[in-house]
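Now for the letters of each chain:
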Amino acid sequence: MSRYPSFKNSIWRRLSFLVVIFTLVYFPLSAQATEKVGYENWDEVVATAKGGTVNWFMWGGADNINQYVTDYIGKELQKRHDISLNRIGINDTAEAVNIVLGEKQAGIDDNGSVDLIWINGGNFRTMKQGNLLFCGYHGLLPNNQFVNWQDPSIANDFGLSVDECEVPWNRAQFAFAYDSARTQSPPKSIPQLIGWVKENPGAFTYPAATDFNGSVFIRHVFYHAAGGPEALLGDFDQDKFDAVAPKAWAILNEMKPYLWREGTTYPNAIASLAQLFANREVALYFDYDPAIFGINVENGIFPETTRSYGLDDGTIGNTNYVAIPYNSPNKAAAMVAANFILSAAAQYEKAKPDVWGAAPAIDIGRLTKEEKSRFTELPRHPAVIDPAALSQKSLPELHPDWISAIEKGWQENVAK
């Protein structure tokens with residue numbers, strides 16, 4: 001993704017080459033942003049946003065996240081900018097995407113119901129391909145300076161270029177958890193896990209591919225069957241899929257009789273797997289948000305001896321974002337909200353282990369010395385793996401078309 005504005009049909013085309021270079025260096029993105037979004041500067045955005053409302057549609061399945069958004073972000077937006085935040089909990093991000101899509105089909109292009117969406121992956125692809133997103137405003141956001149857009153895992157959402165259509169909120173990476181009082185040597189790689197499952201029948205299972213975390217686990221096995229993710233990156237390739245998929249299905253089917261309930265059924269959601277782990281029906285748990293391990297211990301769901309780890313062959317990580325629909329009637333207020341969640345204050349509050357414990361989406365190296373030290377001195381729950389250690393072996397996510405094919409293939413070749 002280019003950091004610089006397009007000067008097509010702009011007065012800058014009439015200037016000399018040296019003046020253009022000077023502008024590119026000292027005023028990146030500003031011309032593009034104001035041209036696309038209709039605001040001259042940030043002060044104008046803030047003034048327009050005052051007294052507005054942001055209807056934020058987001059997955060509502062975690063009480064701690066809901067509380068952070070309502071009690072912290074909502075109150076701060078009200079206090080700082082006189083903006084009312086209306087958090088609307090949904091079970092699946094696709095619900096919000098479908099609302100925007102339906103409104104576009106009905107010709108509702110200026111007064112939509114959705115102002116902000118917690119989003120990434122296939123839902124982002126759907127909205128981007130359908131021209132359902134408000135884009136081109138990064139240059140107006142003061143806190144955009146804290147985002148490292150040179151990092152491919154930030155600049156690309158499941159392999160799709162963000163193109164100034166999303167603002168990063170936090171980062172997540174898959175990790176495993178176990179009860180150290182019960183399991184002395186948990187498997188530390190996919191090959192070890194395959195062998196461990198056979199040696200410990202009934203002690204492991206994973207959610208069906210219809211669950212996000214279940215789908216991620218299946219992709220780890222798919223990566224192993226492919227010899228690593230490198231051959232699978234980029235656009236979906238049917239020939240590559242056909243070469244790798246039979247190996248992956250064979251591994252999963254070979255594991256099947258050794259799973260919980262002999263693989264006759266799979267948990268339908270990650271919450272079900274958490275309950276199995278809490279009840280000691282299975283010995284391993286996993287999640288795309290390792291902070292949940294500590295939260296479940298504090299809530300008395302998991303034992304205090306719960307510990308977590310990554311895999312020696314790496315685990316999949318991604319960034320999740322917020323996006324503004326093209327037909328939001330409160331775009332200025334939504335931009336102010338998006339800018340605030342990028343602030344050091346909001347990212348720090350979110351990183352507190354007793355609030356959420358989520359890894360920051362900003363580059364803390366770009367903060368002041370004092371702000372940076374606040375992050376580095378944050379306590380970490382003993383059940384939660386050090387995010388810095390986990391990130392050293394982070395694997396990329398696949399293009400959404402790959403994910404769809406893998407999920408469908410699992411249903412047809414393993415679940416049935």
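Scroll up a little and you will see the structure.
Residues numbered from 1 in each chain as written. Predicted model: local features only at pLDDT ≥ 70, side-chain atom pairs only at ≥ 80, totals over all residues. Heavy atoms only, no water.

Caption draft 1: Layout of the nonpolar core. Judged by nonpolar contacts, the single largest core of 64 residues is most densely connected at Phe204, Tyr206, Phe217, Phe222, Trp249, Leu252 and Trp410. Within the residue set of this core, elements represented by two or more residues are strand 7 (175-179), helix 8 (190-199), helix 9 (212-226), helix 10 (238-255), helix 11 (270-278), strand 8 (284-287), helix 12 (291-298) and helix 17 (400-415). For this core, the element with the highest residue contribution is helix 10, accounting for eight residues. Setting aside residues no more than four positions away along its own chain, Phe204 makes contact with Leu193, Trp196, Val197, Phe217, Met255, Leu259, Trp260, Val282, Leu284 and Phe286. Residues Trp56, Met58, Leu85 and Tyr348 belong to the second largest nonpolar core, which totals 56 residues. (Core = buried A, V, L, I, M, F, W, Y, C linked by side-chain atoms within 4.5 Å. Buried < 20%, exposed > 50% of the residue type's maximum accessible area, 1.4 Å probe, protein only. Helix = DSSP H or I, 4+ residues; strand = E, 2+ residues; numbered from the N terminus. Contact = heavy atoms within 4.5 Å.)

Caption draft 2: Focus on helix 9. Relative to the 21 Å expected for 15 residues at 1.5 Å per residue, helix 9 spans 21 Å between its end C-alpha atoms, a close match to the ideal helical length. Buried residues dominate helix 9, accounting for twelve of its 15 residues. Where helix 9 is concerned, the buried positions are Asn213, Gly214, Ser215, Val216, Phe217, Ile218, Arg219, His220, Val221, Phe222, Tyr223 and Ala225. At the N-terminal boundary of helix 9, the capping side chain belongs to Asp211, with an oxygen 2.9 Å from the backbone nitrogen of Asn213. Positive phi shows up at Gly227, right after helix 9, with a value of about 80°. (Expected span 1.5 Å × (residues − 1). Polar contact = N/O pair within 3.5 Å; in protein donor to acceptor, adjacent residues only side chain to side chain.)

Caption draft 3: Fine view of the sheet that holds strand 9 (residues 306-309). With respect to topology, three strands assemble into an open sheet ordered 8-7-9, the strand pairing being antiparallel. Two strands bound the open sheet, and with one partner strand each, they are strand 8 and strand 9. The mean angle between the axes of side-by-side strands here comes to 30°, regardless of whether they run parallel or antiparallel. Sheet topology places strand 7 next to strand 8; four bridges connect them, and they run antiparallel. Bridged to Ala177 within strand 8 is Tyr285. Contacts between helix 11 and the sheet are confined to strand 7, strand 8 and strand 9, with strand 8 contributing the most and set at about 150° to the helix. Helix 12 rests against strand 7, strand 8 and strand 9 of the sheet, and its axis sits at about 120° to strand 8. (Pairing = 2+ DSSP bridges. Axes fitted to C-alpha atoms, helices over the stretch in contact; angles between N-to-C directions.)

Caption draft 4: Inspection of the layout of surface pockets at higher detail. Taken as a whole, the largest pocket spans an internal volume of roughly 1600 Å³. Lining of the largest pocket is provided by 50 residues; of these, Trp59, Asp211, Phe212, Asn213 and Ile270 occupy positions nearest its centre. In terms of residue class, the lining of the largest pocket is built from 22 nonpolar, 20 polar and eight charged. (1 Å grid on protein atoms, 1.4 Å probe; cavity = no way out; pocket = protein on both sides within 12 Å on 5 of 7 lines; lining within 4 Å. Points joined across faces, edges and corners; volume = space filled by probe spheres on them. Nonpolar A, V, L, I, M, F, W, Y, C, P; charged D, E, K, R; others polar.)

Caption draft 5: Structural view of the side chain of Asp115. As for its placement among the helices and strands, Asp115 is situated in the loop between helix 5 (93-105) and strand 3 (116-119). Buried and unpaired, Asp115 has no salt bridge, with Lys331 as the nearest side chain of opposite charge at 7.7 Å. In this structure the side chain of Asp115 is engaged in a polar contact, spanning 2.8 Å, whose partner is the backbone nitrogen of Asn55. For Asp115, the side chain forms a polar contact with the side chain of Ser328, separated by 2.7 Å. Aside from chain neighbours lying at most four places away, what touches Asp115 is Thr53, Val54, Asn55, Ala323, Ile324, Pro325, Ser328, Pro329, Asn330 and Ala334. (Lys, Arg positive; Asp, Glu negative; His and termini not counted. Salt bridge = Lys/Arg side-chain N within 4 Å of Asp/Glu carboxyl O.)

Caption draft 6: Local environment of the packing of aromatic side chains. Under the criterion given, the structure shown has 33 aromatic pairs. Taken together, a centroid distance of 5.1 Å and an interplanar angle of 75° make the contact between Trp169 and Trp356 edge-to-face. Pair noted here: Trp169 is in strand 6 (residues 167-173) and Trp356 is in the loop between helix 14 (344-351) and strand 11 (359-360), with a separation of 187 residues, a long-range link. Considered together, Trp169 and Trp356 belong to a single accessibility category, that of buried residues. Through a chain of ring-to-ring contacts, the aromatic side chains of Phe174, Phe176, Tyr178, Phe204, Tyr206, Phe212, Phe217, Tyr266, Phe286, Tyr288, Tyr309 and Trp410 assemble into a single cluster. (Phe/Tyr/Trp six-rings, centres within 6.5 Å; stacked < 30°, edge-to-face > 60°.)

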